[in-house]
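Chain and residue survey
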Amino acid sequence: MSAQATALHDRHLACGAKMVDFAGYRMPIQYGSIIEEHLLVRRLGGVFDVSHMGEFFVEGPGAEAFLDSVTVNHVASLAHGQVQYSAFMTPEGGIVDDLLVHRMDDTHFMLVVNASNRDKDWAWLQAHVGEGVTLKDRSDEFSLLALQGREAYQLVLRMADQDLKDLPYYWFREGSLGGIPLILARTGYTGERGFELYVKNERAGELWDLLMPALREGGMGPIGLGARDSLRLEMKYALYGNDIDGGTSTLEADLGWITKMKKGRPFLGLEVLQRQKAQGLQRKLVGFEVLGRGIARHGQDCLMDGLSIGQVTSGGHSPVLGKAIGMAYLALPHAVNGVEFEVDLGGRRCAARVVPTPFVQLEVPCR
Amino acid sequence: MSVPGNLLYTEEHEWVLVEEGTVLVGITDHAQGELGDIVDVQLFEVGVEFQKGQSIGTIDAVKATADLYAPVSGVIQEVNSDLPDGPDTLNQDPYGRGWIYRIRLTDPAEIDELMSPEDYEEHIDI
């Protein structure tokens, strides 16, 4: 099957995008230099087409209880209009996917899942859903534009038809921009202030055409998935398939802050998580910086005294720091700030050190 | 993507400029374009001897790390010392200021095995 184009495909080409196949979609990886796009988001901002993300709607009197039984975070604690970062876990304690849960009202939720996991997530939810809950996969109806960066955030505030300046981080509102109906969420994957705009496909081009001149006037522009990856890495945000997968738990992934074992309701994966907590973790996801030359990449071995102590899950060049950084699962005694180890780059080794994260301290935090 | 007519090429996207007894080596415009932003290079030192096809350096780009393969057998006679501090020169001027090594040939007959500009254009499917 050939990759699916997003509603904005031709507009990406018109902006000079280099397109790649990603999770079944033709997506812009970069429009020019990934480093320049990265730094532009940190300095001013830009817009990402992330329409490949999946949108599931969960409705019915049993929706809240159902979601609390299949996600690790506490859905019942969400207010109307609030968003929560969470994860689906298997009974064996692996992560099925990470996701955002939006509560529209008492009985109505929108889940945003990874494109690469959409079919798996859908089958998994279908397998666990019970009475009083309706699931709808509306991914093919929605496009998603992420406006990220301090000036992109201001631009949405100016252009939206509603006053959103008091909308806090991780809250959303159903509204419009230039008369185009949207869900406007104060979320993102860059660490910067910004919005994610959910728009019906048939209005997505119109929204892009409205935003782009205003972005250009502010010195901003479109940003590809290449910079999205380096931006999230600087914040140590996990990427499914790299840093988290079916063989890692949320506790191992340093996502204890979304893992609400005491929410008063059993959920899939809880028993394994309780056992891991009681017995102590074997390994943990940490951030590291490369001390010498070279860039560590996903899958490479971490060594100490010649013995493997873990694996690199993400690695790359940090445009802000000007050096190579990465994430790795390290055996617990070594998963401590300041520990030095080596990474096998494939024939050559480089020295690395566990460092506090996020790697980059932002001037204007997302909150 | 430019493919200068005065150079020879390899399937692994290195270019070779034939001089008297030596060759100048770099990566092609196509290679730098595919790699994207190059942020670091690790090169061998002057005097190192190697065989054709051996890895004689690594190039770190944002998206991936690539090996630089020896297009011919030889001895490194000169290294572009500007590259470690300005690796993006490989992006900006791959056929000029972005040259990587000057190599003294140990088997000049290997020159005949390199690709012509026309063959390289076909190889990268321009």
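Residues numbered from 1 in each chain as written. Chains lettered and ligands numbered in written order. Predicted model: local features only at pLDDT ≥ 70, side-chain atom pairs only at ≥ 80, totals over all residues. Heavy atoms only, no water.

1. Description of the overall build of chain B
A tally of helices and strands in chain B yields three helices and nine strands. When the elements of chain B are put in sequence order from the N terminus, they spell out β-β-β-α-β-β-β-β-β-α-β-α. The C-alpha radius of gyration computed for chain B amounts to 13 Å, which stays within 12% of the reference 14 Å derived for 126 residues, consistent with globular compactness. Overall size of chain B, expressed as C-alpha extent along the three principal axes, is 35 × 35 × 20 Å. Here chain B holds 126 residues, and the buried ones make up 50% of them. Counting only contacts in chain B whose residues sit at least 6 apart along the sequence, the fraction spanning at least 24 positions is 61%. (Helix = DSSP H or I, 4+ residues; strand = E, 2+ residues; numbered from the N terminus. Rg over C-alpha atoms; globule rule 2.2 N^0.38 Å. Buried < 20%, exposed > 50% of the residue type's maximum accessible area, 1.4 Å probe, protein only. Contact = heavy atoms within 4.5 Å.)

2. Quick notes on the pairing of strand 8 (residues 74-79) of chain B
Along any regular strand, the residues point their side chains to alternate faces of the sheet. All names here are of chain B. In this sheet, strand 8 lies alongside strand 5 (residues 49-50) in antiparallel orientation, the contact comprising two bridges. Looking at strand 8, one finds that Glu 49 is bridged to Val 75. Here strand 8 runs beside strand 9 (residues 101-105); their pairing, made up of five bridges, is antiparallel. Paired with Glu 78 across the bridge in strand 9 is Arg 102. (Pairing = 2+ DSSP bridges.)

3. Things to note about the nonpolar core
Within soluble globular proteins, side chains that are nonpolar tend to cluster in buried spots. The biggest cluster of nonpolar side chains holds 107 residues, and the ones touching the most others in it are Leu 147, Phe 195, Leu 197, Leu 207, Leu 211, Leu 330 and Phe 341 of chain A. Formed jointly, this core draws a minimum of three residues from each of two domains, domain 1 (4-51 + 140-233) and domain 2 (282-367) of chain A. Discounting residues that sit within four places of it in the chain, Leu 147 of chain A has contacts with Gly 46, Val 47, Ala 152, Leu 155, Val 156, Arg 193, Gly 194, Phe 195, Leu 197, Leu 211 and Leu 215 of chain A. Judged by nonpolar contacts, the second largest core, of 24 residues, contains Phe 50, Ala 70, Ile 100 and Tyr 101 of chain B. (Core = buried A, V, L, I, M, F, W, Y, C linked by side-chain atoms within 4.5 Å. Domains from an automatic or database assignment.)

4. What about the pattern of salt bridges?
The tally for this structure, following the rule as stated, stands at 28 salt bridges over all chains. In this structure, Glu 342 of chain A and Arg 349 of chain A form a salt bridge, with 3.5 Å as the shortest nitrogen-oxygen distance. Overall, the relative accessible area of 30% leaves Glu 342 of chain A in the partly exposed class. Salt-bridge contacts for Glu 19 of chain B lead to Arg 102 of chain B; the nearest nitrogen and oxygen are separated by 2.8 Å. With Glu 19 of chain B in the loop between strand 2 (14-18) and strand 3 (22-27) and Arg 102 of chain B in strand 9, the pair connects residues that are 83 residues apart, well separated along the chain. (Salt bridge = Lys/Arg side-chain N within 4 Å of Asp/Glu carboxyl O.)

5. Points about the packing of aromatic side chains
Under the defined criterion, the tally for this structure stands at 10 aromatic pairs over all chains. Ring centres 4.6 Å apart and planes at 10° place the aromatic pair Tyr 9 of chain B and Tyr 120 of chain B in the stacked group. With Tyr 9 of chain B in strand 1 (residues 8-9) and Tyr 120 of chain B in helix 3 (residues 117-123), the pair connects residues that are 111 residues apart, well separated along the chain. When sorted by exposure, Tyr 9 of chain B lands in the same class as Tyr 120 of chain B, which is buried. Over the ring of Phe 57 of chain A we find Arg 138 of chain A, and its NZ or CZ is 4.6 Å from the ring centre. Cation over ring: Arg 283 of chain A sits above Tyr 329 of chain A, and NZ or CZ is 4.5 Å from the ring centre. (Phe/Tyr/Trp six-rings, centres within 6.5 Å; stacked < 30°, edge-to-face > 60°. Lys NZ or Arg CZ within 6 Å of the ring centre and 35° of its normal.)

6. Some points on the interface of chain A and chain B
At the interface, 12 residues of chain A touch 14 residues of chain B. When residues of chain A are sorted by the area they lose upon contact with chain B, Lys 18, Arg 293 and Arg 297 of chain A head the list and together hold 42% of the total. In this structure, the connection of chain A to chain B is made through one salt bridge. At the junction of chain A and chain B, the tally comes to 12 residue pairs in polar contact (both at pLDDT 80 or more). Among the elements of the structure, strand 3 (25-30) and helix 2 (34-43) of chain A are those that each provide at least two residues to the side of chain A that touches chain B. When grouped by side-chain class, the residues that make up the side of chain A that touches chain B number four nonpolar, four polar and four charged. (Buried area = accessible area lost by both parts, 1.4 Å probe. Polar contact = N/O pair within 3.5 Å; in protein donor to acceptor, adjacent residues only side chain to side chain. Nonpolar A, V, L, I, M, F, W, Y, C, P; charged D, E, K, R; others polar.)

7. Overview of the domain arrangement of chain A
Residues and elements named next belong to chain A. By domain assignment, chain A separates into domain 1 (4-51 + 140-233) and domain 2 (282-367). Distance from the C-alpha centre of domain 1 to the C-alpha centre of domain 2: 30 Å. Listed by partner, the interface residues are 13 residues for domain 1 and 16 residues for domain 2. At the boundary of domain 1 with domain 2, total buried surface from both sides reaches about 1,300 Å², with 64% on carbon and sulfur atoms.

8. Section: the sheet that holds strand 3 of chain B
Residue and element names in this part refer to chain B. Strand order in the open sheet made by the six strands is 1-2-3-9-8-5, with antiparallel pairing throughout. Of all the strands in the sheet, the pair left with one neighbour each is strand 1 and strand 5. Note: strand 3 against strand 9, four bridges, orientation antiparallel. Residue pairing across strands places Val 25 opposite Tyr 101, the latter belonging to strand 9.

9. Focus on the environment of Ile 124 of chain B
All names here are of chain B. When you line up the elements, Ile 124 lands in the segment after helix 3. Overall, Ile 124 belongs to the buried group, its relative accessible area being 11%. A sequence separation of 24 residues divides Ile 124 from Ile 100, and the C-alpha atoms of the two residues are 21 Å apart. With near-sequence residues (within four places) excluded, Ile 124 lies in contact with Val 3, His 13 and His 30.

10. As for the environment of Gln 279 of chain A
With respect to the helices, strands and loops of the structure, Gln 279 of chain A is situated in helix 8 (residues 270-279). As a C-alpha pair, Gln 279 of chain A and Gly 191 of chain A span 88 residues in sequence and 33 Å in three-dimensional space.

11. Points about the sheet that holds strand 7 (residues 95-105) of chain A
Residues and elements named next belong to chain A. Strands sit in the order 6-7-8-5-9 across an open sheet of five strands; the sheet is antiparallel. In this open sheet, the two strands that pair with only one neighbour each are strand 6 (83-89) and strand 9 (134-137). On average, each strand axis in the sheet is tilted by 30° relative to the strand beside it, whichever way the strands run. As paired strands, strand 5 (residues 54-59) and strand 9 are joined by four bridges and run antiparallel to one another. Pairing of Glu 59 across the sheet is with Thr 134, part of strand 9. (Axes fitted to C-alpha atoms, helices over the stretch in contact; angles between N-to-C directions.)

12. Brief notes about helix 3 (residues 63-70) of chain A
For helix 3 of chain A, the complete set of buried residues consists of Ala 63, Phe 66, Leu 67, Asp 68 and Val 70 of chain A. The elements touched by buried residues of helix 3 of chain A are strand 5, strand 6, strand 7, strand 8 (108-113), helix 4 (118-128) and strand 9 of chain A.

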